[in-house]
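Okay, here's what each chain looks like letter by letter:
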Amino acid sequence: MGFLDNLENSLKSLESREERDPREQERRAQERMRAAGAAPWAERLKSAEYTKRLLDHAAVEGHKIRTKIYMAWLDSSLRLEAKARRLELRPTAEGIIADFIEPDGSCRSEPVDLNGDPGTLLAAWLKTGTAFKEKENTSD
């Protein structure tokens, strides 16, 4: 029982220290403002016809290139992953941003138009993946 009391006291101490730290309070306030600004875009991303078509196209294209494309919602972001490559659609206060993340950790971003063609975004992402697949085959 002494261990649990000690643990509880330690947690209370940490919480009170965070409450007194003005930098921590400022960081939390900024995070809340960022989330509030991105909320309308997050809702649009989740309910948009663009997203539904993107997921449908991803399943078809993954089948064509014989690669499983994993799709997951992580909080308000949509992540597609094939081999070691990721495509993340993140809502921000300015709109939706697509992050193309390569296996080596490099990343490039571009804005997403929810009124556009999701096939274009998917082709840009998978084109890189196709080059990676060809590179793998030539190294054997």
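Everything quoted here is computed from the prediction, not taken from an experiment.

1. Quick look at the pairing of strand β2 (residues 77–82)
The pairing of strand β1 (residues 70–74) with β2 spans five bridges and is classified as antiparallel. Directly across from M71, in β2, lies its bridge partner L80. What sits between β1 and β2 in their antiparallel hairpin is a turn of two residues, with D75 showing a positive phi close to 60°. In textbook terms, the turn of a hairpin is the stretch between consecutive antiparallel strands, and for β2 and strand β3 (residues 85–92) this stretch comprises two residues, one of which, K83, has a positive phi near 55°.

2. So, the sheet that holds strand β4 (residues 95–101)
Reading across the sheet, the five strands line up as β1-β2-β3-β4-β5 and stay open at both edges, with antiparallel pairing between neighbours. In this open sheet, the two strands that pair with only one neighbour each are β1 and β5 (107–112). Averaged over all adjacent pairs, the angle separating strand axes in this sheet is 20°, with direction ignored. Helix α2 (residues 22–47) contacts β1, β2, β3 and β4 of the sheet and is inclined by roughly 125° relative to β3.

3. Some details on the pattern of salt bridges
If you walk through the whole model with that rule in mind, you get eight salt bridges. The shortest N-O distance in the salt bridge between R85 and E102 comes to 2.8 Å. Separated by 17 residues along the polypeptide, R85 in strand β3 and E102 in the loop between β4 and β5 bring together distant segments of the chain. When its relative accessible area of 8% is taken as the criterion, R85 is described as buried. Between D99 and R90 there is a salt bridge, with its nearest N and O atoms 2.6 Å apart. Overlapping salt bridges bring together R79, R86 and E88 as one network.

4. As for the environment of E81
One can find E81 in strand β2. Given the relative accessible area of 26%, E81 is considered partly exposed. Separated by 20 residues in sequence, E81 and I101 place their C-alpha atoms 9.4 Å apart. Non-local contacts of E81, meaning those with residues more than four positions away in its chain, are made with K68, I69, Y70, R86 and W125.

Rules and cut-offs
- Every chain's residues receive numbers from 1 upward, in the order its sequence appears when written.
- Local features in this predicted model are restricted to residues whose pLDDT is 70 or higher, and side-chain atom pairs enter the listing and the counts only when it is 80 or higher, whereas totals over whole chains, interfaces and linings include all residues.
- With hydrogens and water set aside, each side-chain value is computed from the structure's full complement of heavy atoms.
- Two strands pair under a simple rule: DSSP has to find at least two bridges between them.
- The numbering of helices and of strands both runs from the N terminus, where a helix is a DSSP run of H or I of at least 4 residues and a strand a run of E of at least 2.
- Orientation is described by lines fitted to C-alpha atoms, with helices fitted over the stretch in contact, and by angles between N-to-C directions that extend from 0 to 180 degrees.
- We call two residues in contact whenever any of their non-hydrogen atoms come within 4.5 Å of each other.
- Salt bridges are counted wherever a side-chain nitrogen of Lys or Arg sits within 4 Å of a carboxyl oxygen of Asp or Glu.
- Note on classification: 1.4 Å probe, protein chains only; a residue is buried when its accessible area is under 20% of the maximum for its type, exposed when over 50%, partly exposed between these limits.

So, to be careful, I would describe these as geometric facts and stop short of saying anything about function.
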